[in-house]
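Single-letter residue listing:
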Amino acid sequence: MRRIEVDVNGSRHVRHVDERRLLSDFLRHDLGLRGTKVGCEHGVCGACTVLLDGAAVRSCLLLAVQVDGCRVDTVEGLAGPEGLHPLQEALHRHHGLQCGYCTAGILMTAVEMAGEAGPHSVEEIKQRLSGHICRCTGYAGIVAALSEVVGS
Amino acid sequence: MRRGSVRSYGLHASVKARARASGPSASVEDRGGDRGGTLGRWRRRGTVDYRRMMVTERRAEAPTRPVGLLGQPVRRVEDAALLRGEGWFIDDIDPLPNTYHAAIVRSSVAHARLSGTDISAALEVDGVVGVLTSDDVAALSQPFPSVLDVPVDYRPAAVDVVRYVGEPVAVVVARDRYIAEDAAERVTVDYEPLAVAATVESALAPGAPVLHEAVGSNTLSDRHLRYGDPDGAFTRADLVVRKSFRVPRSTCTPVECFGVVCHWQKSTSSVVAWCNFQGPFTTHAVAAHALGIPASRLRLITPPDSGGSFGTKSSVYPYVVLMALASRRFGVPVRWTEDRVEHLLASSSATERVTEVEAAFSSEGRLLALRLDMIDDVGAYVRAPEPATLYRMHGCLAGAYDVADVDARARVVVTNRCPTGLNRGFGGPQLYLPLERTMAAAAGMLGMDPAELARRNLVPSSSMPYTTATGAVYDSGDYEACLDEALRLAGYSDARRDQGTARAEGRRIGIGLACVVEPSVSNMGYITLSQTPEARAQALPKSGNAEGVTIAMGPHGGVTVRFTTTPQGQGHATVATQVVADVLGVDPALVDVRTDADTAANPWTVSSGNYSSRFAAIGAGAVHVAAGRLAEQLRAIAAPLLGVEASAVELVGGAARVAGEPSRRVSIRRLAGAAHWDPAGLPPGVDAGLATTAYLALPGLDPPSADDRINSSATYGFLVDVAVVEVDPETFAVKILRYVTVHDAGRILNPLLAEGQVHGALAQGLGAALLERHVYDDQGQLLTASFLDYLVPTATELPEPVTAYFESPSPVTPLGAKGLGEGNTMSAPAAIANAVADALGLEDVEVPLTPGRLWSASAS
Amino acid sequence: MKPAPFRYERPSSLEEALRALEEAGDEGRVLAGGQSLVPMLNMRLAAPSVLVDVNAISGLDEIATEGEGEAEGEGEGDRRYLVVGALARQRTLERSALAASCCPVLPECLSVVGHVPTRNRGTVGGSIAHADPAGELPVALLALGGEVEVAGPDGVRRIGADDLFVGFLTTSLGAGEMLVRCRFPARRGAVGSGFAEVAPRHGDFAFAIACASVALDESGRIAGARLALGAVADRPLLVPAAGDVLGGSRGAEPALRAAAAAAQAAVDPADSLHAPAGYRRHLVGVLAGRALRQAVAKASEQLTKGGSR
Ligand SMILES: Cc1cc2nc3c(=O)[nH]c(=O)nc-3n(C[C@H](O)[C@H](O)[C@H](O)COP(=O)(O)OP(=O)(O)OC[C@H]3O[C@@H](n4cnc5c(N)ncnc54)[C@H](O)[C@@H]3O)c2cc1C
Ligand code: FES
Ligand code: FES
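Please read these numbers as outputs of a predicted model, since none were measured by experiment.

### Topic: the interface of chain A and chain C
Alright, step 1. Each partner contributes residues to the interface: chain A has 29 residues there, and chain C has 29 residues.
Alright, step 2. Both faces considered, chain A and chain C share a buried interface measuring about 2400 Å² in area, 56% of it formed by carbon and sulfur atoms.
Alright, step 3. Its largest share of buried area at the contact with chain C, chain A owes to Arg20(A), Leu61(A) and Gln66(A), together 26% of the area lost on that side.
Alright, step 4. We note a salt bridge from Asp25(A) to Lys2(C), for which the minimum N-O separation is 2.8 Å.
Alright, step 5. Here chain A is connected to chain C by 11 residue pairs in polar contact (both at pLDDT 80 or more).
Alright, step 6. Within the residue set of the side of chain A that touches chain C, elements represented by two or more residues are β3 (49–52), β4 (55–58), α3 (103–114) and α4 (122–129) of chain A.
Alright, step 7. By residue number, the principal contributor to the side of chain A that touches chain C is β4(A), which donates 4 residues.
Alright, step 8. Residues belonging to the side of chain A that touches chain C are distributed by class as follows: 12 nonpolar, 8 polar and 9 charged.

In structure tokens form, the structure reads like this:
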């Protein structure tokens, strides 16, 4: 067990965790932030993607002890008191989610993109999305939503 | 692309559909409650700006005349929670305190006798509660029953013999999953290897290892069915096309895997199980039987959200039984969360089919007769609802074509591979790849354009409703109009011309077509075609298809809807909200649709669940019926208050009002309050309490006839796909240049959701066409057991399809709707295979069309 | 799919890390970006009893150039290197302006290494140390003729790319050694590189990879060419014969075709899951041709721009 101190969505958490505990399990089951999903635990599906100090990463491929002293952002932190994040709004408008299981991960990649110098071309958006598996939508609505917010 | 699709949608398709949908649309109007009809709705769609919220929209635009939500692209009510990460998926809920976690020890070999399992080291691990063994499973469970009356001892874990890699052999129960996995590694299993039958061919070869000794053969069922005079037609034919096909194992593998939480209550010998099951609820009875308890003692609860399924989660139930046994054995609630490797390895797979096709044609290109010899590999056991894949399409074996004479042999074969189950389109890809490839080949041999050959054989709209040789009743549709539209949208004649030019430049462009009849709402009776008519006569006749809905209005006028349609992203709550808001005239924000199923609380039938594209046709239909009954109740309460007959009361804009005199009104909230607070004041004959449950079964569905004909589904949609592809002549990579799909799925209840379903199905169809396949070695080891090796398409691999919709309302469903969520999984592999074969001039191609295979085929 | 237990060390200096590795012996494993190692831990395909997480070591993530005037070992005064710390994230190198100007093939091939979230975390050193035969970076290191700097109990040593990859997922790093820097020869003069691969999907491990580097003399003849292949053997493969065929030529089609044929002759790939052996051999010819063609074209561009090396 190790003591870690993490800032998640702006709140500080101090916990003792087992060294082998995956960040995805830590977020979901220790902090109760179950918006982050797990679809493969080997880095391919992208469902578990969160921001680590601003960069999109797979939380299933990080140990919780590795984020000691870091800032983690998850889907729970996106909507503000005024309502949904523009990317969430856009996904809603473009029917960019069906079961919603891939959505949190995709949102975090999109948030990372929104923080970069844009605009992003449709081709770039597709390439960024290629790190996320969505089995429901065929991606068209997602591409349209992201294009609207981070595209040209 | 979105824009393109909506455009084509709004104009040509609608106009033509309107022009042609004469009979059926009239019958929709007849049923009443359906204001507007096709014509009115198309006009409305042109004027309503659906990018804004519906409620305000309606009020602003049409203060007096109701504008129904049904048919509008209403945005989803499901999204708000899902976008915030507030959905409730199985692994997000902790229904019981003190729940322990399971890890499953699985067979590492495909076929072996279990000669010993040592759990002692596992029991030493701190935090382990116990290990459920094969012996426990044998002692505590019954074999799962099957429609095939064969002595196959299928249990949730192997007993004596393991028959596929990944088959459960023991279950470790521990404080958490990490520890459970530590202990699972310490369970040692001794195997006495047996010979492996890893393919259909090796299972059928002389001297093949027999999987189930008590059966004595790997062929569990073999039926030969003849309709009309196929032999005569083949004698008369000018051309007979013979081809063989293999539709390989693949899986729709959703992003969320299976999850189960089970508790066995000792005092009552009852089980409560939370899991992301999707039905059909026939398998609820199968699970209860295996547990040796009455079905009423197995309470199955699904959480409100499920991370996709596409059929696969129909196979959760063996794990419900397994975890219930573990809970029973160790006296604690047990949770099992499947991981991806487990899912790919051992949960379910689409059914591999080997088909020999013979097609008889006249010289003018009329398809006279079809012979299909179909062998389904169902894996190591036949797990309910299999052999559904083999018979689901039985009514429509000749697809969209008018064929009088059909000969079908249908075999169920076991192999040392994971048991199969439902996968989006089940039965469809297995049928249409052979059928549509055969049509393309025939066109070549007849020197005819494939589109022309299709046209000559499509069931004409004038024949609707059309009864097929095998017993289906195609209820409505104008297939030729869809074909025309698809060809037009694809720029077919230009594409054919450009193809020649490109070829001269060394480019390889191909065009492929697929015409598909898409059935929806299964008639459960089709599975009993696997039995002889004599055997069927001894058993309970089966034609299950019904769905139930409960609707209740609270004292403030809020409406709650409950059903057991177990949605996994299809937007059932949104459509139900549309229906209820329309029928009751209430603000959709007041409608609350509970999507969590609970066999102890919700209405359900054996056919409930989410499969064979049931919702639009029967789920929403049942909501409509239930809401209609509640509306009657409200009208009856309002009538004396308004001083008119109930029949003169209409429910609009949150009020009951006198038709034609909108100012004479009383609010629905007031009526609800009256019903709840003052039952004594209710008019005579009106029940106290504003709640009703309605069940709906669709007409025209009977058990199979004595001559093995069956209307295997309630309603039949149609689609035409046109694919234009380019194959790199050096790397053989396939690029989709254009993909057009034109659907006629009856009345579209929500175009936004319809489009989503089409895109999703197409993505999976294209995955199967180009990437997806489960690969086993000859020892039955699965080589595609991770997402690094099982390749599903991502955003960079998919084209932007052009879509269009005709609406020939179904005369058999309450809302005129048909399913459309599976068609493209049936059409896309065929369309792409036809296009690629055309591009490379190949006679035979196998899906998935990987560059390596295309290189091999071109090189030889 | 959860890792087996391990002891976790998080050294903050290279010395501590080396000490921890030495102590752990065979039981120890470096944890860098974790994008290859953690999947193996989760699947329990690897279960080291000690994990040495090197991410807290500072100074190992810089991207800089070195050489050209700075005396840096014998005989290299005239060579310039792009030096990339082992812990530099793949995404950082992909977006580095320095990399784009010194070794443009690196950003190019990195853009198809997994996906942005894996590259945000995955390290350059980890990719090379992991020595996946289908990894793009090892192939590029080999094509460019780079080298790595390795620290160990006996100090620091350099290993040339030609001697680094010795088998499937195996490098010539010794026990207790750690890769600390990668050195890619920087582009200078009429040098061009090319990269081509065919993968089933964007970001996947490829069926075959070809990466080439070509240098022209003032007259436009090929003074040196290196062609490396990935995914077609147990390790990234250099094809010296391709360089031999091209040397002295002007890189015209017949020479390129001969070099591609030499590449094909040099490989004997096995069937893989999604691609039969014959296809992969065929691809080697196609991709080698494409990579070399690109490299020659870019080198010629440089030649017209401003002279040879
Ligand atoms: C979904 C996905 C797709 C991918 N696709 C590709 C792809 O297309 N092409 C590709 O090349 N890679 C791909 N990868 C792998 C990725 O590039 C990894 O980042 C890389 O292989 C390993 O780097 P790492 O920093 O993550 O190393 P780790 O995973 O931390 O370590 C990998 C191995 O190298 C050792 N190691 C790491 N650093 C050092 C060091 N400094 N000294 C000594 N040993 C060390 C570790 O002990 C371990 O054995 C993919 C990964 C994922 C998850
Ligand atoms: S769960 Fe992390 S990438 Fe799939
Ligand atoms: S919405 Fe279901 S996986 Fe993307």
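### What to know about the site of ligand 1
Alright, step 1. The environment of ligand 1 is made up of 32 residues, and the closest members are Val30(C), Ser36(C), Leu37(C), Thr123(C) and Glu136(C).
Alright, step 2. Around ligand 1, the neighbouring residues derive from chains A and C rather than from a single chain.
Alright, step 3. The separation between an oxygen atom of ligand 1 and a polar main-chain atom of Ala32(C) is 2.8 Å.
Alright, step 4. Taking Asp204(C), its main chain carries an N or O atom lying 3.5 Å from an oxygen atom of ligand 1.
Alright, step 5. Calculation on ligand 1 without its partners gives an accessible area of 950 Å², and the protein chains cover 95% of this total.
Alright, step 6. Counting only elements with at least two residues in the shell around ligand 1, the list comes to β2 (28–31), α7 (124–130) and β10 (178–185) of chain C.
Alright, step 7. Classifying every residue of the shell around ligand 1 by side-chain character gives 14 nonpolar, 15 polar and 3 charged.

### Quick look at the interface of chain B and chain A
Alright, step 1. Opposite the 52 residues of chain B that make contact, chain A presents 51 residues.
Alright, step 2. Among the residues chain B hides against chain A, the three largest losses belong to Leu83(B), Tyr178(B) and Val255(B). Together they make up 20% of the total.
Alright, step 3. Our count for the contact surface shared by chain B and chain A stands at 7 salt bridges.
Alright, step 4. Among the ionic pairs, Lys37(A) bridges to Asp92(B), the shortest N-O distance being 2.6 Å.
Alright, step 5. Our count for the contact surface shared by chain B and chain A stands at 23 residue pairs in polar contact (both at pLDDT 80 or more).
Alright, step 6. Residue assignment for the side of chain B that touches chain A shows that the elements contributing at least two residues are α5 (79–83), α8 (177–184) and α23 (751–770) of chain B.

### Considering the domain arrangement of chain B
The parts lose accessible area when they come together, and the size of an interface is often stated as this lost area.
All names here are of chain B.
Alright, step 1. If you check the domain split of chain B, you get domain 1 (107–195 + 252–346), domain 2 (352–526 + 702–859) and domain 3 (546–697).
Alright, step 2. Computed from C-alpha coordinates alone, the two centres of domain 1 and domain 3 are separated by 40 Å.
Alright, step 3. Taken together, the 18 residues of domain 1 in the interface contact 17 residues of domain 3.
Alright, step 4. The contact between domain 1 and domain 3 buries some 1300 Å² in all, and 54% of this surface belongs to carbon and sulfur atoms.
Alright, step 5. At the surface where domain 1 touches domain 3, the tally comes to 1 salt bridge.
Alright, step 6. The partner of Asp 598 in a salt bridge is Arg 299, and the shortest N-O contact between them spans 2.5 Å.

### A look at the pattern of salt bridges
Alright, step 1. In total, this model carries 90 salt bridges over all chains according to the counting rule given.
Alright, step 2. A salt bridge links Arg128(A) to Glu112(A), with the nearest nitrogen and oxygen atoms 2.9 Å apart. Taken together, the residues Arg128(A) in helix α4 and Glu112(A) in helix α3 connect sequence positions 16 residues apart. Residue Arg128(A) shares its accessibility class with Glu112(A), and that shared class is buried.
Alright, step 3. In this structure, Asp268(C) and Arg281(C) form a salt bridge, with 3.7 Å as the shortest nitrogen-oxygen distance. Of this pair, Asp268(C) sits in the loop between α11 (253–266) and α12 (277–306) while Arg281(C) sits in helix α12, and the two are 13 residues apart along the sequence.
Alright, step 4. Note on Arg281(C): relative accessible area 32%, which makes it partly exposed.

Calculation criteria
- Residues numbered from 1 in each chain as written.
- Chains lettered and ligands numbered in written order.
- Predicted model: local features only at pLDDT ≥ 70, side-chain atom pairs only at ≥ 80, totals over all residues.
- Heavy atoms only, no water.
- Contact = heavy atoms within 4.5 Å.
- Buried area = accessible area lost by both parts, 1.4 Å probe.
- Salt bridge = Lys/Arg side-chain N within 4 Å of Asp/Glu carboxyl O.
- Polar contact = N/O pair within 3.5 Å; in protein donor to acceptor, adjacent residues only side chain to side chain.
- Helix = DSSP H or I, 4+ residues; strand = E, 2+ residues; numbered from the N terminus.
- Nonpolar A, V, L, I, M, F, W, Y, C, P; charged D, E, K, R; others polar.
- Near = heavy atom within 4 Å.
- Areas by Shrake-Rupley, 256 points an atom, 1.4 Å probe, with all protein chains shown as cover.
- Domains from an automatic or database assignment.
- Buried < 20%, exposed > 50% of the residue type's maximum accessible area, 1.4 Å probe, protein only.

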